[in-house]
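# Breakdown of the fold
What follows is each chain in one-letter form.
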Amino acid sequence: MSEVWDVVVIGAGPAGLRASAVAAKAGARVMCIDKLGPGGLMMNFGEIHDAPPEAAGQTGPDFIAALLDQATEAGVEMGFGEVTALNGGATWSVIGDETQTARAVIVASGLSHGTLGLPEEERYQGQGISHCAVCDGPLYAGQSVVVVGDQGWAVQEARELAGMVGSVTVIADSAPSLPNVTAMPGRIIALDGDNGLQGLVIERGGQTMRLETSALFPYVGRKPACGFVEAERDAAGALVVGADGATSAPGLFAAGDVRAGAPETIAQALADAEKAGKAAAAWAAAHR
Ligand SMILES: Cc1cc2nc3c(=O)[nH]c(=O)nc-3n(C[C@H](O)[C@H](O)[C@H](O)COP(=O)(O)OP(=O)(O)OC[C@H]3O[C@@H](n4cnc5c(N)ncnc54)[C@H](O)[C@@H]3O)c2cc1C
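## Thoughts on the site of the ligand
Lining the immediate environment of the ligand, one finds 33 residues, of which D34, H49, V83, D257 and I266 sit closest. Separating a nitrogen atom of the ligand from a backbone N or O atom of V83 is a distance of 2.9 Å. Relative to its unbound accessible surface of 1,000 Å², the ligand loses 96% to contact with the protein. Of all elements in the fold, only α1 (14-25), β2 (30-34), α4 (152-162) and α5 (266-286) reach the threshold of two or more residues within the shell around the ligand. A class-by-class count of the residues in the shell around the ligand yields 16 nonpolar, nine polar and eight charged.

Here you go:
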């Protein structure tokens, strides 16, 4: 029979890396799998804002490197691949390119990139649509770009971009007060450009207008990345958990942005992970 892990963790963002380290330090044999490699969203950050004390003054990649060191020093085995299905029973089958078997599973798969829901959106991915201000902002030095989304982190991205590009338009009621940033209320209803993105059509109060832009940074419509999980969810599709991170399925735990009610901060992802890591290790020890 193939190896049975005590705990398999799906996702190696801050929640997954911390949960893996905590479970391993509690005595569990742990594998942590990510479809992109360790890091999650934070690999796209420059300096972390509103950072928890242990990440103060660090960039996203620096902090991820520290979390990865802690996990591997605790004995966590890192795996690479996309998990596409989970089957429960006496043990869990974690199915992707390879199948792993585990006594307990922690889902820490975060949120997927959102979409505007426009038919032509796919065509401009990497051709003017970007989800990473720090990585792609410098490509648009001196040019006009658009950010859409009025959540706090979208506003933060607009600030980052303001230091790298010519001007930033935020499609929202308000925007950071910076000389090259303006707010434009409205809704994007179309994208155009023959050779990469060149403009957007905005609808406002029944009127439409075209806005020239070299790039669009969308931070809207992000959804819990847990389509492969069968357990109780909230209306947004996030996994409902108890105080220790346990979902409605026995031996299945969730931590970080993927769980219902997550405030979408690194500090809370780490705090969730502490609880879920301990609880999953205890579950595995009780079911050996
Ligand atoms: C633009 C932006 C800026 C932000 N800035 C800050 C900030 O300055 N300070 C702060 O506190 N918070 C910030 N946040 C929020 C913070 O990044 C998140 O709360 C945090 O990253 C959540 O961690 P997580 O581990 O739950 O998820 P993530 O960091 O999203 O990690 C999830 C991981 O799961 C992997 N994964 C997903 N599905 C699968 C699958 N099926 N199989 C295998 N692997 C999978 C992904 O590849 C990813 O690596 C920001 C968010 C955004 C969008």
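## Some details on the environment of L211
For L211, the location among the structural elements is in strand β13 (residues 207-212). Along the chain, L211 and V181 lie 30 residues apart, while their C-alpha atoms are 14 Å from each other. Among all residues touching L211, those that are not within four sequence positions of it are V146, T169, I171, M184, Q198, G199, L200 and I202.

## Observations concerning the environment of Q70
Along the polypeptide, Q70 turns up in helix α2 (residues 60-73). With 148 residues separating them along the chain, Q70 and P218 place their C-alpha atoms 33 Å apart. Apart from residues no more than four positions distant in its own chain, Q70 is found in contact with R18 and A21.

## Describing the side chain of D257
Structurally, the position occupied by D257 is in the loop between β16 (252-254) and α5. Despite its burial, D257 pairs with no opposite charge; the closest candidate is R222, at 4.7 Å N-O. Not counting the four nearest positions on each side in its chain, D257 is found in contact with G110, L111, A262, E264 and T265.

Rules behind the numbers
- Residues numbered from 1 in each chain as written.
- Predicted model: local features only at pLDDT ≥ 70, side-chain atom pairs only at ≥ 80, totals over all residues.
- Heavy atoms only, no water.
- Near = heavy atom within 4 Å.
- Polar contact = N/O pair within 3.5 Å; in protein donor to acceptor, adjacent residues only side chain to side chain.
- Areas by Shrake-Rupley, 256 points an atom, 1.4 Å probe, with all protein chains shown as cover.
- Helix = DSSP H or I, 4+ residues; strand = E, 2+ residues; numbered from the N terminus.
- Nonpolar A, V, L, I, M, F, W, Y, C, P; charged D, E, K, R; others polar.
- Contact = heavy atoms within 4.5 Å.
- Buried < 20%, exposed > 50% of the residue type's maximum accessible area, 1.4 Å probe, protein only.
- Lys, Arg positive; Asp, Glu negative; His and termini not counted.
- Salt bridge = Lys/Arg side-chain N within 4 Å of Asp/Glu carboxyl O.

As far as function goes, none of this settles anything; it's purely spatial.
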